[in-house]
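For reference, the chains in residue letters:
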Amino acid sequence: MFAVGTRGSDLRELQKISHDSRSAITVPDFTDLAGVQEQLQSSVEAVVVDVTPETPTDTVDTGKKDVVFLLDGSDGTRNGFPAMRDFVERVVEKLNVGPNNDRVSVVQYSRDPEVNFYLNTYTTKEDVVDSVRGLNHRGGSPLNTGAALRYVRDNVFTNSSGSRRLQGVPQMLILLNGGKSFDNVDTPASALKQQGIFVIGIGSRNSDRSELQKISHEPSYALSVPEFTDLPGVQEQLSTVLSTVRVRGTPMTPTVTGKKVTDFYTPMSLQHAH
């Protein structure tokens, strides 16, 4: 809370009311308020950094993540699929898998999406790795990336499927894609972002770069490789992103970053003094 007073105000009282003593600002007269506008503006901007969730902070454990892999299993990725599978395995190996740590899910899609396993299906890294190694390429066409994005939002990033989004655990979607989508991705991509899901798109030379950038959290998180066999080259890049996301846990939902609720309280005496 910020308090602004005039020479007639009690400064110590203002300091007591304010968030801290520096948040109490005084002016000789209310006509001088313009002079503190910039000071107040920069203080309000700075508060964005300090916003803490309303839930107890111990529920927002930034050392854990829910990671969903969305794999293009269409006819176009038949040759590259073993390399995609190996890549997922290597990324999982670096995670701290456990019911109270990192949770992993894999979904494969072409015309329709199909869940291989949910975030709460396996509780050990060994079981997740075994399941990933046993993945079979689905095949099929056309490639409906939009429908797949919508599907994971509605069916995988949910409480019943093991997502801890409502507890403030960072939510990540890693898309491995080998072609341009047959359907539209705009609305489903926006819906994922609004829900606080952090998306990384990884494509091959046949992917649509601008489509991947649209889907990803921001354009720089769209990674590309010439062939899926070159995926080890972006693994380090992905690991860096995965570790930085830890500090971005978004508690509760929906969270709109950068917005502030600002209430101004004006004493009744002033409201009626015309």
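Bear in mind that the values here come from a model prediction, so they are computed numbers and not experimental data.

**Q** Before we go on, may I ask you to explain helix H4 (residues 125-133) in this structure?
**A** Residue pairs three or four apart in sequence face the same way in an α-helix, which turns once every 3.6 residues. Turning to H4, its buried residues are Val128, Val129, Ser131 and Val132. The buried residues of H4 occupy an angular sector of 160° when projected down its axis, which confines them to one face. Buried-residue contacts for H4 involve helix H3 (81-93), strand E4 (103-109) and strand E5 (113-117).

**Q** Explain the packing of aromatic side chains to me, please; I cannot follow it from the model alone.
**A** Here a ring pair, both rings aromatic, is described through the centre-centre distance and the interplanar angle of the planes. Following the criterion strictly, the structure yields two aromatic pairs and no others. Arranged with centres 5.1 Å apart and planes meeting at 65°, the rings of Phe198 and Tyr221 form a pair that is edge-to-face. Taken together, the positions of Phe198 in strand E7 (residues 197-203) and Tyr221 in the loop between helix H7 (209-215) and strand E8 (222-224) put the pair 23 residues apart, joining distant regions of the chain. Residue classification places Phe198 among the buried residues on the basis of a relative accessible area of 4%.

**Q** How should the layout of surface pockets be read in this particular structure?
**A** Take a probe with the size of a water molecule and roll it over the atoms, and the empty space left behind shows itself. Roughly 180 Å³ of internal volume is contained in the second largest pocket. Taken together, Gly76, Thr77, Asn79, Gly80, Gly178, Ser204, Arg205, Asn206, Pro226, Glu227, Phe228 and Thr229 make up the lining of the second largest pocket. Its residues assigned to classes, the lining of the second largest pocket comprises two nonpolar, eight polar and two charged.

**Q** Sorry, what's going on with the packing of helix H5 (residues 145-155) against helix H6 (residues 186-194) here?
**A** Angle between the axes and distance between the axes are the two parameters that describe a pair of packed helices. Put simply, H5 and H6 touch, their axes get as near as 8 Å, and they point 25° apart. Between H5 and H6, the interaxial angle falls into the category roughly parallel. For the pair H5 and H6, the sense of crossing is left-handed. Across from Gly146, Leu149, Arg150 and Arg153 in H5, the residues of H6 making contact are Pro188, Ala189, Ala191 and Leu192. Its residues assigned to classes, the contact of H5 with H6 comprises five nonpolar, one polar and two charged.

**Q** How should I be thinking about the nonpolar core in this particular structure?
**A** Among soluble globular proteins, nonpolar side chains are generally buried collectively. Membership of the largest hydrophobic core comes to 34 residues, with the highest contact counts inside it found for Phe69, Leu71, Ile202 and Leu231. Counting residues per element, the ones that place at least two in this core are strand E3 (66-72), H3, E4, H4, strand E6 (171-177), E7 and helix H8 (232-245). When residues in this core are grouped by element, the largest group, seven residues, is from H3. Here Ile202 is in contact with Phe87, Ile174, Leu175, Leu176, Asn177, Leu212, Leu223, Leu231, Val234 and Leu238, once residues within four sequence places are set aside. The next biggest cluster of nonpolar side chains, apart from the first, holds 22 residues, and it includes Val68, Tyr109, Val156 and Leu175.

**Q** Help me understand the packing of H3 against H4, please; the structure alone is not making it clear to me.
**A** Relative to each other, H3 and H4 sit at 175°, their axes nearing to 9 Å. Between H3 and H4, the crossing angle belongs to the class labelled roughly antiparallel. Every residue of H4 that contacts H3 at Arg85, Val88, Glu89, Val92 and Glu93 is listed here: Lys125, Val128, Val129, Val132 and Arg133. The residue makeup of the contact of H3 with H4, split by class, is five nonpolar, no polar and five charged.

**Q** It is not clear to me how the sheet that holds E4 should be interpreted in this structure. Could you clarify?
**A** Pairing between the strands of a sheet is mediated by backbone hydrogen bonds and can be parallel or antiparallel. Taken in spatial order, the six strands of this open sheet run E5-E4-E3-E6-E7-E8, and their pairing is mixed. Two strands lie at the open edges of the sheet, namely E5 and E8, each paired on one side alone. Strand-to-strand twist across the sheet, computed as the mean angle between neighbouring axes with direction ignored, equals 20°. Bridging between E4 and E5 involves four bridges; their strand directions are antiparallel.

Basis of the calculations
- Residues numbered from 1 in each chain as written.
- Predicted model: local features only at pLDDT ≥ 70, side-chain atom pairs only at ≥ 80, totals over all residues.
- Heavy atoms only, no water.
- Buried < 20%, exposed > 50% of the residue type's maximum accessible area, 1.4 Å probe, protein only.
- Helix = DSSP H or I, 4+ residues; strand = E, 2+ residues; numbered from the N terminus.
- Arc of directions from axis to C-beta.
- Contact = heavy atoms within 4.5 Å.
- Phe/Tyr/Trp six-rings, centres within 6.5 Å; stacked < 30°, edge-to-face > 60°.
- 1 Å grid on protein atoms, 1.4 Å probe; cavity = no way out; pocket = protein on both sides within 12 Å on 5 of 7 lines; lining within 4 Å.
- Points joined across faces, edges and corners; volume = space filled by probe spheres on them.
- Nonpolar A, V, L, I, M, F, W, Y, C, P; charged D, E, K, R; others polar.
- Axes fitted to C-alpha atoms, helices over the stretch in contact; angles between N-to-C directions.
- Parallel < 35°, antiparallel > 145°, perpendicular 65-115°, else oblique.
- Left-handed = near helix turned anticlockwise from the far one by under 90°.
- Core = buried A, V, L, I, M, F, W, Y, C linked by side-chain atoms within 4.5 Å.
- Pairing = 2+ DSSP bridges.

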